[in-house]
Amino acid sequence: MAAQRQHQGYEDEKLQRVMERLPCRDVQASLLLALMGEPEQCSYPSIFIYGHRATGKSHVIHTLLKELELPYATVSCVECVSVGLLFEQVLLSLFGSDSASLLSRSPSLSDFVRVYKQLCVQASSKQTRYIVLDRAELLRDMEANLLPAFLRLQELVEDNVTVILLSEIVWDKFRPNTGCFEPLLLYFPDYSKGELQQILSEDSHPSYSPELYSAFINILLGVFYSVCRDLRELRHLVSYTPLMKEGDTHKLWRNIEPHLKKAMQTVYLREVSSVQWEQQLQKEEKEAGAVRGLSAHAHVELPYYSKFLLIAAYLASYNPARTDKRFFLKHHGKIKKTNFLKKHEKTSNHLLGPKPFPLDRLLAIFYSVVDSRVAPTASVFCQISSLVTLQLLNQVGHDDQLDAPKYKCAVSLDFILAISRTVSFDMVKYLYDFL
Amino acid sequence: MTSSVSKGCFVFKPSVKKRRKTPTVEDYFTHGSEDTENSKLRFRNCQTLWDQMKADTELLQDELNRKILDSLLAFIRKNVSTFQRGTDDWASRMRAHEIPTAALVLGVNVPDHDMTFQSLSDQLQQSVTPFVVSVQATECAALNHMIQRVLERLMGTTVSVDDEEEPERCSTNVNQKRVHCSLITLCNWYKTVTKIAASGTPGKKRTSVGKDMQQHPPIVVIFKDLEAFNPRVLQDFILICSRYVEQLPLMFVFGIATSPSTIQHMLPHSVSSLLGIELFQSLSCTQHLASIIDKVILTYQFPFKPSGKVLQVLVSIFLYHDFSVRNFIKGLQLALLEHFHSQPLSVLCCKKEEALVHATELSPRDVERLQQLPSFMRYVEEQGPQEQVELLTSDDHVKEVCQKLLKDLHKYHKNYYPILRCLHVLTASLPKYPLGKQIRELHICCLEKNVWENEEYASAMQLLRMMAKDELTSALQKCAEILKHGKAKKMRAALLQLDNLLAKFEQPDDVAAAENVAGEDLTSQGKGRQKKTDLFQLQKTLLEMKKSRRTKKMSHFEILRDQALEFIDSLVRSHLAPPESQPLYEVCYYSSSAVLRRHLNATPRTSIQTALSNPYHYLKNENLRAEDGTVSNAAPDICIVYKLHLECGRLINLYDWLEAYATVVSAAEGKDPDSADFGKVDELKHARFIQAVSELEFLGFIKSTKQKTDHVSRLTWGGC
């Protein structure tokens, strides 16, 4: 609390409230407050805050600015499809609703600076204005002058303004080649186990005593801390673990242990929502089965020829073209694997990933793989394009789309094995890697 | 009138009469047939039948969709209520930052989904929220397009639906902000709209929507084809939306064609963690098809029947190519139309009463046609000579007989389907499915020939003889259930018999044993009566005795089982004869599967190749007629060029090609082969050649290559 008293210019009461809302981020918050100084004091032009996901970056900034009633604009860079949108949002939140109309249709940076200055004169205020740019890493993909300009916006607009950049990436990856103004770097470390416990215990369930709830959190953390330290994910787990019945902590463990075990299998996957989760749990009490989440439904029903087309595509993608003779001609003679291939082909094709193949090859393999005679009807070709829209095949290359389109197979080995099993086709026999 | 000296344009206004006449569907249908009355009648028959079938299938599809739609609606309603209750509830507070998302798995045939989505959004708009947007991947190539689509549809539609004064103001608003469409605009719009709603403007739409629409109706965004979306765009959109989740009650519906794990493939964890996904799985399309076939084909309600081959074509297109129920129904419609169009006697293909009336009104020409029907001729042959003469000479008699035969045909159908279902119930659970897993397989089998002559039928019966008691009785009970719905007399009789058998099955063993003894007495009596015996009969009786000795130890159940199966067998033999055996079956059955296949499963490449290698096939010009494999030199240029190119390897020298072409064309012009300019390339030939070559290129047979100058490469393989 000693640190707090230094932040003059703010009411103690407000500060108190802010600090309450920022558990386990006292150090960072007071450092920020110190950097910001008193509302009227001139502040540092730009601050760069980084840290992992869910370490409270945006939360701390927003709570500070909001609770202390400072003028600020916060923009997420994902949302800004154009630079104009970014400028507009900044101006809107700093200067009110009609400010954006001053901007031209597709404003440049200098337009923005000009309008900002103009508005500043009209609505002059001594307080420091703050511009928070969330997901700042996207600024790098926008126009080249944007990031350096924002870093020294204070100079450009001659106003008491601080730009705060938030990102999950370190500053080194931002620094442009041409050099720029160096912002102050502030790192938000991950929460420790104790801190996580404290934060998670805060939103306790109304129908349980805080002690019991924190015991529950304790157990949950004990199980999951080794695999998952993401606060958001943990919170999700908390909310989706069916709650314990009343009782002491010993009983508690017994009650929730099976649920935790199951949750462990699908951590990070977010496969099922709470209702379905609970339904499953009820079902499983009767019949012990594996957890069926989203990934359990990997089975895809396809028309018969589509299956063969996919199989043919897989073979074309993972077998070298020169080996087609070996697999699909009756009298291919003996070709030994070792001396038949060039050196670079000896590495496993499955490690290298799928290779593109032309339509002709796909159809040739398809006709030799499928057991009956298939007329080259329009529907066969339709199926190829619908496989592309289903993302089971990818079309590659952009030249010559009409005459000789090229494709890549985009399914995994497990998937294709499952498919080939349904049409009783021995996939492995035709794969060069498994020879 | 136009014979003026000066040249000029003359305007002829079409007379009023002519202009008014635009051909209707009916005109197309009757066009070219000599008997207009008849074909008009057929057209009407066809229309009513199709309307009925369509209505039935739509009803069925609605029913099939209902379950999944209901659960979806419930999901959305539940989430609405949590949004409105705000943060009171612990669980909803914990999940406040997630966008509720329904992952709707619909199967691989994407075009079929349209109907489901349409009814989903209709139902949503009726009962939950006016703010429903559907977006497709093709419209959302980039993020701003996507946002623009969503905004336009949300704000645009509600503007037009809402109060009358609104449009001007709102539309100008939209226009202004079109430049930067962002969710902030949407937020502001949503606030104003809900405020208006809260202040209680009495609008016509509002009242109909009812009180169910609370203060914060959710905004539902339906992504029709999730797989086709650009993952980047989708991720960004979700990220943006999640920033506004506190102000806007957003909800997503993902239409997934493959499997739910696509979500994980498309969205990284940082994005998918913003969604609270719930999974909804629709009925698989094969089940869907089965129920459609059950409702439309396996019923005597509709007089139109596809033959076994036709049904096979339709089903195989479904199973092999597209999994599309919609296409199946379209195919059925085509078959229906073809049947009524091509078969003049299909006037009789309608409800029994109407058919009987039509039968009396047959024209002499139709009677002649009737007499020429193979099935009718077969029938005639079976009659006595007197009757035969009558049938061949007297029109009135033919009409009378025709009525009788039509009645018989209807009866046949009434008996056929219940028995088919019974047989299916009995055989569907047998190991290895000797008679097919699906009832349609059994149906096709029965349509083609006498089912009891099949080996599979024999083996199925064999397997049935080994069935345990509880299995058999439950199957028989199901049969009884099916027969209960049958209205024909014979079905009722069969039901009675079956019930008797079932009752016997229920009897405890000791009661049955007594009966058993009585039964044996009967049989031994029967044997005793046999007095006169020759060698053959003696052998037979000995064999029988041997058999009976072996079966003597048969339990009560076994005897009953044999009885039951014999009964079923007799039913099958008497009612499941193929339709070919029925006189006048041509009236109801459509059997030209080749036509259907040609229309539904087009082979563009084969057609092109036929046209190029055998121009006579399409042009029907006698000059072009040629023996197999050759092309007359009078054929169109492209055919000649195509023929010549077949003789080349992978790369074709253009100049050689031109020379060869010029030679062929000169021969066609009838020039003397010895003259000096024979085969000489003049400008006209050159131009014709170039045009033909570029046409070939357009058709995709050749393309230009950089490997060699003056060469083109062939894109097809194989020589002539």
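If you're wondering where the values come from, they're calculated on a predicted model, not measured in any experiment.

> I'd like to hear about the overall build of chain A, residue by residue, with values.
A count of helices and strands for chain A gives 20 helices and eight strands. A total of 435 residues make up chain A; the buried ones form 50% of that total. Sequence-distant contacts in chain A: of pairs separated by 6 or more residues, those separated by 24 or more amount to 71%. Of the roughly 21,600 Å² of accessible surface on chain A, 52% is carried by carbon and sulfur atoms.

> Outline the domain arrangement of chain B, listing residues and values.
By the assigned domains, chain B splits into domain 1 (27-159 + 216-283), domain 2 (288-508 + 555-590) and domain 3 (604-714). Its C-alpha centre places domain 2 of chain B at a distance of 55 Å from the equivalent point of domain 3 of chain B.

> Please provide a residue-by-residue account of the nonpolar core, values included.
If you look at the biggest cluster of nonpolar residues, it comprises 150 residues, and the most contacted ones within it are A:Ile311 and B:Phe376. Examining the composition of this core, we find that 15 residues originate from one element, helix 20 (residues 395-427) of chain B, more than from any other. Formed by 90 residues, the second largest nonpolar core is a distinct cluster that contains A:Tyr50, A:Leu146, B:Val135 and B:Val245.

> Describe the sheet that holds strand 9 (residues 702-704) of chain B, naming the residues involved and giving the relevant values.
Residues and elements named next belong to chain B. Reading across the sheet, the three strands line up as 8-10-9 and stay open at both edges, with antiparallel pairing between neighbours. The open sheet has two free edges, formed respectively by strand 8 (651-653) and strand 9, since each of these has just one partner strand. The average undirected angle you get between the axes of adjacent strands in this sheet is 35°. Taken together, the three bridges between strand 8 and strand 10 (residues 711-714) define a ladder with antiparallel strand orientation. Note that in strand 10 the partner of Ile 652 across the bridge is Val 712.

> Describe helix 5 (residues 83-95) of chain A, listing the residues and the values that go with them.
All names here are of chain A. With 13 residues, helix 5 should cover 18 Å at 1.5 Å per step; its first-to-last C-alpha distance of 18 Å lies within 8% of that length. In terms of burial, helix 5 is largely enclosed, as eleven of its 13 residues are buried. All of the buried residues along helix 5 are Val 83, Gly 84, Leu 85, Leu 86, Phe 87, Glu 88, Gln 89, Val 90, Leu 91, Leu 94 and Phe 95. One or two positions beyond helix 5, positive phi appears at Gly 96, with a value near 95°.

> Give a detailed account of the packing of helix 20 of chain B against helix 27 (residues 556-575) of chain B, specifying residues and quantitative values.
Residues and elements named next belong to chain B. At a closest axis distance of 9 Å, the pairing of helix 20 and helix 27 adopts a crossing angle of 140°. Between helix 20 and helix 27, the interaxial angle falls into the category oblique. Between helix 20 and helix 27 lies a crossing whose hand is left-handed. Where helix 20 approaches helix 27, its residues Tyr 412, Asn 415, Tyr 416, Ile 419, Leu 423 and Leu 426 are matched on the opposing element by Ile 568, Leu 571, Val 572 and His 575. Tallied by class, residues from the contact of helix 20 with helix 27 come to eight nonpolar, two polar and no charged.

> Residues and numbers for the sheet that holds strand 2 (residues 72-76) of chain A, please.
All names here are of chain A. Read across the sheet, five strands follow the order 2-3-4-1-5 without closing on themselves; strand pairing throughout is parallel. What marks the edges here is a single partner per strand, and that holds for strand 2 and strand 5 (184-188). Put simply, the sheet's adjacent strands are angled 20° from each other on average, direction ignored. Looking at chain direction, strand 3 (residues 129-134) and strand 4 (residues 161-167) are connected through five bridges and run parallel. Looking across to strand 4, one finds that Leu 133 is bridged to Leu 165. Here helix 3 (residues 26-36) sits on the sheet and contacts strand 1 (46-51), strand 3 and strand 5; the angle it forms with strand 5, its principal contact strand, is near 165°.

> Help me get a handle on the UniProt feature "domain: Orc1-like AAA ATPase" (unreviewed entry) in chain A, residues and values and all.
Under the feature "domain: Orc1-like AAA ATPase" (unreviewed entry), the UniProt entry names residues 21-164 of chain A. End C-alpha to end C-alpha, residues 21-164 of chain A measures 20 Å, and it is 42% helix and 15% strand.

Calculation notes
Residues numbered from 1 in each chain as written. Chains lettered and ligands numbered in written order. Predicted model: local features only at pLDDT ≥ 70, side-chain atom pairs only at ≥ 80, totals over all residues. Heavy atoms only, no water. Helix = DSSP H or I, 4+ residues; strand = E, 2+ residues; numbered from the N terminus. Buried < 20%, exposed > 50% of the residue type's maximum accessible area, 1.4 Å probe, protein only. Contact = heavy atoms within 4.5 Å. Areas by Shrake-Rupley, 256 points an atom, 1.4 Å probe, with all protein chains shown as cover. Domains from an automatic or database assignment. Core = buried A, V, L, I, M, F, W, Y, C linked by side-chain atoms within 4.5 Å. Pairing = 2+ DSSP bridges. Axes fitted to C-alpha atoms, helices over the stretch in contact; angles between N-to-C directions. Expected span 1.5 Å × (residues − 1). Parallel < 35°, antiparallel > 145°, perpendicular 65-115°, else oblique. Left-handed = near helix turned anticlockwise from the far one by under 90°. Nonpolar A, V, L, I, M, F, W, Y, C, P; charged D, E, K, R; others polar. UniProt positions renumbered as here; feature names shortened; annotations may be inferred.

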